[in-house]
Amino acid sequence: MVLILLNFEKRDIVLIVGLLLFMIGLIPFMAPVYAALITLVMYFGIKFYVAKRRKSIEKDIGEGICVDCGSKVFNKKCPNCDL
């Protein structure tokens, strides 16, 4: 399940570059090993947070959202518009 949550996407390159720059900024204040550990923890923490958030959004959306009123669609019908 962990491998499913941590799919590599194009925007992960931006995250990795940003975290590497953050790590370079930490090196003058602490040992490079600790800076690398903090960066790794931040990377996996962000990835898990995004995966959980995406899963909760997909659960909330369900089959989709009505274009007219924005409510959740059940059985391919809007409960407000398709009465």
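Residues numbered from 1 in each chain as written. Predicted model: local features only at pLDDT ≥ 70, side-chain atom pairs only at ≥ 80, totals over all residues. Heavy atoms only, no water.

Overview of the confidence of the model for the chain
Note the cut-off: Looking at any residue, its pLDDT shows the predictor's confidence there, from 0 to 100. Under the scheme used here, helices are H or I runs from DSSP no shorter than 4 residues and strands are E runs no shorter than 2 residues, and both carry numbers assigned from the N terminus.
Looking at the chain as a whole, the pLDDT averages 84, with 92% of positions reaching at least 70. The least confident element of the chain is helix α1 (residues 2–5), whose mean pLDDT is 51; the most confident is helix α2 (residues 12–26), at 94.

Some points on a nonpolar patch on the surface
Keep this limit in mind: Patch definition: residues with relative accessible area over 30% and no salt bridge; like charges joined within 9 Å; nonpolar side chains (Val, Leu, Ile, Met, Phe, Trp, Tyr) joined within 5 Å. Every accessible area reported is derived by Shrake-Rupley at a probe size of 1.4 Å, with residue values counting cover from the shown protein chains alone. A pair is scored as a salt bridge if a Lys or Arg side-chain nitrogen falls within 4 Å of a carboxyl oxygen belonging to Asp or Glu.
Judged by side-chain polarity, Phe 8, Ile 13, Ile 16, Val 17, Leu 20, Leu 21, Ile 24 and Ile 27 come together as a nonpolar surface patch covering roughly 730 Å² of accessible area. Mapping Ile 24 onto the fold places it in helix α2.

Side note on the pattern of salt bridges
Which entries qualify depends on this criterion: Per-residue accessibility, obtained with a 1.4 Å probe over protein chains only, is compared with the maximum for each type, and a residue is labelled buried under 20%, exposed over 50%, and partly exposed between these values.
Evaluated as defined, the whole model comprises one salt bridge. One salt bridge connects Lys 47 with Asp 12, and the closest N-O pair in it is separated by 2.7 Å. Pair noted here: Lys 47 is in helix α3 (residues 32–61) and Asp 12 is in helix α2, with a separation of 35 residues, a long-range link. The exposure classification of Lys 47 matches that of Asp 12, with both residues buried.

Section: the packing of α2 against α3
The test is simple: Here the axes come from fitting lines to C-alpha atoms, over the contacting stretch only for helices, and the angles between their N-to-C directions go from 0 to 180 degrees. Each angle receives one of four descriptions, namely roughly parallel if under 35 degrees, roughly antiparallel if over 145, roughly perpendicular if within 65 to 115, and oblique otherwise. With the far helix as reference, a near helix turned anticlockwise by less than a right angle produces a left-handed crossing, and one turned clockwise produces a right-handed crossing. Whether two residues are in contact is decided by their heavy atoms: any pair within 4.5 Å suffices. Only Asp, Glu, Lys and Arg are considered charged in this grouping, and only Ala, Val, Leu, Ile, Met, Phe, Trp, Tyr, Cys and Pro are considered nonpolar; every other residue, Gly among them, is considered polar.
At a closest axis distance of 9 Å, the pairing of α2 and α3 adopts a crossing angle of 150°. With respect to each other, α2 and α3 are oriented roughly antiparallel. Remark: the crossing between α2 and α3 carries right-handed chirality. When α2 is examined against α3, the residues Asp 12, Leu 15, Ile 16, Leu 19, Phe 22, Met 23 and Leu 26 are found in contact with a partner set consisting of Ala 35, Ala 36, Ile 38, Thr 39, Met 42, Tyr 43, Ile 46 and Lys 47. Each residue belonging to the contact of α2 with α3 can be placed in one class, and the counts come to 12 nonpolar, one polar and two charged.

Focus: the environment of Lys 52
Within the secondary structure, Lys 52 sits in helix α3. When the C-alpha positions of Lys 52 and Phe 74 are compared, they lie 23 Å apart, and in sequence the two are 22 residues distant.

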